[in-house]
Structure formats: C-alpha cells, structure tokens
Amino acid sequence: MAENILLMMTLTKITVARVNRKALSKLLAEIKDCSLNEKYETKEEKLAFLNYTKLPLYFIIIIASSMTIVEILYYLSGLTYGIQSAKENDSMGYQLPYRTLHIADLSDTRIYALICAYQTIIIPSVLFGYVGFDCMFVNLSVQVIAQFAVLSYKVKALLNNSENYYEGMKEIVRRHYQLIRLTEALENNFNYLILQQLLGTTVHICICGYHLLMVQIQKNISFSSFYLFKDTKEMADNMTLILFFLYVSCVITTLFIYCFIGECFIQESTKFGNAIYNYEWYDLPAIESKFFLICMARTKKPQYLTSGKFAVLSLTIFTDVSVLRIIFFNFK
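Under an unreviewed UniProt entry, the chain has the name Odorant receptor 4-like and belongs to Vespula maculifrons.

Next up, the structure:
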C-alpha cells in the first residue's frame, strides 16, 4: 500500500503537468521575462535576488540525489530479497522489487528477469515525475518571491528617480500587479497538488512507520518454521529501516521547503507594504499622498499559497503536520 501511494502521487503530478501544460508554459514564460528584463541596480537588490535564486539549486541537488539513492536501494534490496527467498524456499517463488499485479508465472527465471527489468522504469518515473515536479514548483515560486524582495528595495529609487511621483507610483503599481498575477497563477496551478503533497506524504509516512513498527515487533518474536530464511529476512528488515529514515528525511525536507516558500510569500509581500509605508509620503501634497494610501491598503492583504484553497501554506502548517506524525507514532 505504501508503494501504491507514492506511485499514485507520481502519476497525479505527471497527469496534472500534462493537462495544465499550456498554463504552465505560459506561467514559465512570464516569470522568465519578469526575471530577465528586471534591472538590478543596487547591491541590496542583487543580494536579495541571489539569496533566493540559489535556493532551488540546493534543493535540486539534495532532494534529487537523496531520492535517487533511496529508489535504487529500495529496488536492489527488493530484488535481492526476492531472489534469495526463492533460493531458500522454492514454494514461495520469486518476489518482485515493486509489489505490482502480475499475470505471468514468476517461477520462470527468464520471465522474472524481464519483469524486473521492466520495473526499473519506475525509478526514473518517480525521479522525473515526483521530484521533478517539486523542483519545478520550487523554482517558479522562488523567482516570484525574489521579485517581491527586489521590488521592496526599488520603492524609494523609483519614486526619487522618476520625473514625478505619478510616473514612479505608476511603475510600482504595474510591477506589483504583475507579481500579484503571477502569485495567483501559481496558486491556481499548484494548490491541489500542495494539498496532495501534505496529505499524501503524511499518510505515506504513517503507513511506512506502522510497517516499520510491525517489522520490529516480528523481530522480537521467534520465527516460525515458515521463515526458513531467517538471515535473509533480518537483512531485509535492516535495509527497510535504513530506507525508511532516508525517505522520511527527503519527505520532511520537501515539506519544509513547500511551507518555507509559502511563508516567504507572506513575509516578502508584507515587506513591500512596509517599504511603501516607510517612504516620506506624509510630506507630499494631499492629492499625491492618496496614491500611497491606496497602495498601502492593497498591501494589507499579503500574497500566499494555499493547500486546496482552505489552508494557507506557511511554517505553521509544517509544525502542525509534524505534530500529527508525532501523535501517530506515540499512539502506536
């Protein structure tokens, strides 16, 4: 069941990417134009942009490499266990690395080898479909967050360097509206997948944890005559324990990045409102200061991403999900 959850989540992400390919390609082009056409003039703007845009690279390296190791080890451990169990107990026959439905007779070595070779497709499917989709979401979101951070530093420069306050305020409003539209596009394309990520991985970790607890309980009970291959079973259990902790580390890191991105949207959009408020708008004539009041009123509502349109993605969600897992394991 744990394998099926991971494969279903991968299939869902691939399907959504296929169905929304036009909207995603349009969003990617808009974010690319917004990032490349922007001029980063001051040191603060350059640092703000670089500090955010280096995050996706670290995420891709850590998560992609970790999941690659986990999937390869899981496949090899399942293959080794299946072969050794068949050698030590012929009545059980061969067992596939991934427990999928099979209609062929696995007692034939050639058929078993062909099916195992076919199941290697699952490894790149999980890496490109599951991890690749997460990397795309992180990269697109960070680019928008970086532009929010840059715009906060540009407020004073745009207003002071423009011919008049109307032109400066017009440019600020135009860029802010563009970033709001990009955030809404991210929300519309990813909110249900964020919900799947939070719920699916939580259920998956709980099921894997339950399976791990059952394995530990069985190790404390003497094996019956059914387990003639005791050493093989213990080796598989130890490998299961290692894979569990590796996989949980990858999943928790991914969830933290999701929630951290949601928190950054809230903080950077709020920071932009504070940048407008901190400008000396109160020294301007009454007519011109009204534009600042309108902008400040709009920035009171921060930009955010949601999980299925009902929960705001933030670090609070991450702590709530972590507490839920702790309660589950303590209950068990």
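Here the narrative resumes.
Asker: Got a sec to walk through the overall build of the chain? Specific residues and values, please.
Answerer: Looking only at helices and strands, the chain features 10 helices and zero strands. About 18,100 Å² of surface is accessible on the chain, with carbon and sulfur atoms providing 64% of the total.

Asker: Break down the packing of aromatic side chains for me, with residues and values.
Answerer: Applying the stated criterion across every chain yields a total of nine aromatic pairs. Considering the side-chain rings of Phe 256 and Phe 260, the 6.0 Å spacing of their centres and the 20° angle between planes classify their relative orientation as stacked. Note that Phe 256 and Phe 260 are positioned in helix α8 (residues 230-277) at a spacing of four residues, about one turn of the helix. Among the aromatic residues, those joined into a ring-pair cluster are Phe 133, Phe 137, Phe 190 and Tyr 258.

Asker: Can you break down the environment of Leu 106 residue by residue, with the values?
Answerer: Positionally, Leu 106 belongs in the loop between α4 (55-88) and α5 (109-119). Judged by its relative accessible area of 8%, Leu 106 falls in the buried class. Aside from chain neighbours lying at most four places away, what touches Leu 106 is Tyr 94, Leu 96, Tyr 112 and Ile 115.

Asker: Before we move on, can you summarise the pattern of salt bridges with the specific residues and values?
Answerer: Counted by the stated rule, this structure contains six salt bridges. Between Glu 30 and Arg 181 there is a salt bridge, and its shortest N-O distance comes to 3.4 Å. Linking Glu 30 in helix α2 (residues 21-36) with Arg 181 in helix α7 (residues 165-219), this pair joins segments that are 151 residues apart in sequence. Glu 30 sits in the partly exposed class, given a relative accessible area of 21%. For Arg 181, a relative accessible area of 34% gives the class partly exposed. In this structure, Arg 174 engages Glu 171 in a salt bridge whose closest nitrogen and oxygen atoms are separated by 2.7 Å. Here Arg 174 and its partner Glu 171 are both found in helix α7, three residues apart, which amounts to about one turn of the helix.

Asker: Would you mind going over the nonpolar core in detail, with residue names and values included?
Answerer: By size, the foremost hydrophobic cluster in this structure holds 85 residues, and its most contacted members are Phe 190, Ile 261 and Phe 292. The dominant element in this core, judged by the number of residues it contributes, is helix α6 (residues 122-161), at 22 residues. Residue contacts for Phe 190: discarding those within four places in its chain leaves Leu 24, Leu 27, Phe 133, Met 136, Phe 137 and Leu 140.

Asker: Describe the side chain of Ser 152, and please don't skip the residues or the numbers.
Answerer: Position of Ser 152 among the secondary structure elements: in helix α6. Once residues within four sequence positions are removed from consideration, Ser 152 is found in contact with Glu 268, Lys 271, Phe 272 and Ala 275.

Asker: Give me the lowdown on the UniProt feature "transmembrane region" (unreviewed entry) in the chain, citing residues and values where you can.
Answerer: UniProt marks residues 55-76, 111-133, 198-218, 238-261 and 310-331 with the feature "transmembrane region" (unreviewed entry), using the numbering shown here. The distance from the first to the last C-alpha atom of residues 111-133 is 33 Å, and the span holds 91% helix and 0% strand. For residues 238-261, the end-to-end C-alpha separation is 35 Å, with 100% helix and 0% strand making up the annotated structure.

Asker: With reference to specific residues and values, describe the confidence of the model for the chain.
Answerer: Summarising the model, the chain shows a mean pLDDT of 81, and 85% of its residues fall at 70 or more. At the low end of the mean pLDDT range in the chain sits helix α10 (residues 315-331), at 68; at the high end sits α2, at 90. Across residues 221-229 the pLDDT falls below 50, and counting only partners more than four positions away or on other chains, this stretch makes 12 contacts in the model.

Asker: Could you give me a rundown of helix α3 (residues 43-53), with the residues and numbers involved?
Answerer: Restricting attention to buried positions, one finds in α3 the residues Glu 45, Ala 48, Phe 49 and Tyr 52. Mapping the buried residues of α3 onto a view down its axis gives an arc of 95°, with all of them on the same face.

Asker: I'd like a description of unusual backbone geometry, backed by residues and values.
Answerer: It is generally the case that most residues other than glycine have a negative phi and that most peptide bonds are trans. Here the phi dihedral of Lys 309 falls at roughly 75°; this positive angle occurs in a residue that is not glycine. Among the structural elements, Lys 309 can be located in the loop between α9 (286-299) and α10. You can call Lys 309 partly exposed: its relative accessible area is 47%.

Asker: Which residues make up the environment of Ile 63, and what are the values?
Answerer: Within the secondary structure layout, Ile 63 lies in helix α4. Overall, Ile 63 belongs to the buried group, its relative accessible area being 3%. Through-space distance from the C-alpha of Ile 63 to that of Ser 249 is 9.4 Å; in sequence the pair is 186 residues apart.

Scoring rules and cut-offs
- Residues numbered from 1 in each chain as written.
- Predicted model: local features only at pLDDT ≥ 70, side-chain atom pairs only at ≥ 80, totals over all residues.
- Heavy atoms only, no water.
- Helix = DSSP H or I, 4+ residues; strand = E, 2+ residues; numbered from the N terminus.
- Areas by Shrake-Rupley, 256 points an atom, 1.4 Å probe, with all protein chains shown as cover.
- Phe/Tyr/Trp six-rings, centres within 6.5 Å; stacked < 30°, edge-to-face > 60°.
- Buried < 20%, exposed > 50% of the residue type's maximum accessible area, 1.4 Å probe, protein only.
- Contact = heavy atoms within 4.5 Å.
- Salt bridge = Lys/Arg side-chain N within 4 Å of Asp/Glu carboxyl O.
- Core = buried A, V, L, I, M, F, W, Y, C linked by side-chain atoms within 4.5 Å.
- UniProt positions renumbered as here; feature names shortened; annotations may be inferred.
- pLDDT = per-residue confidence, 0-100.
- Arc of directions from axis to C-beta.

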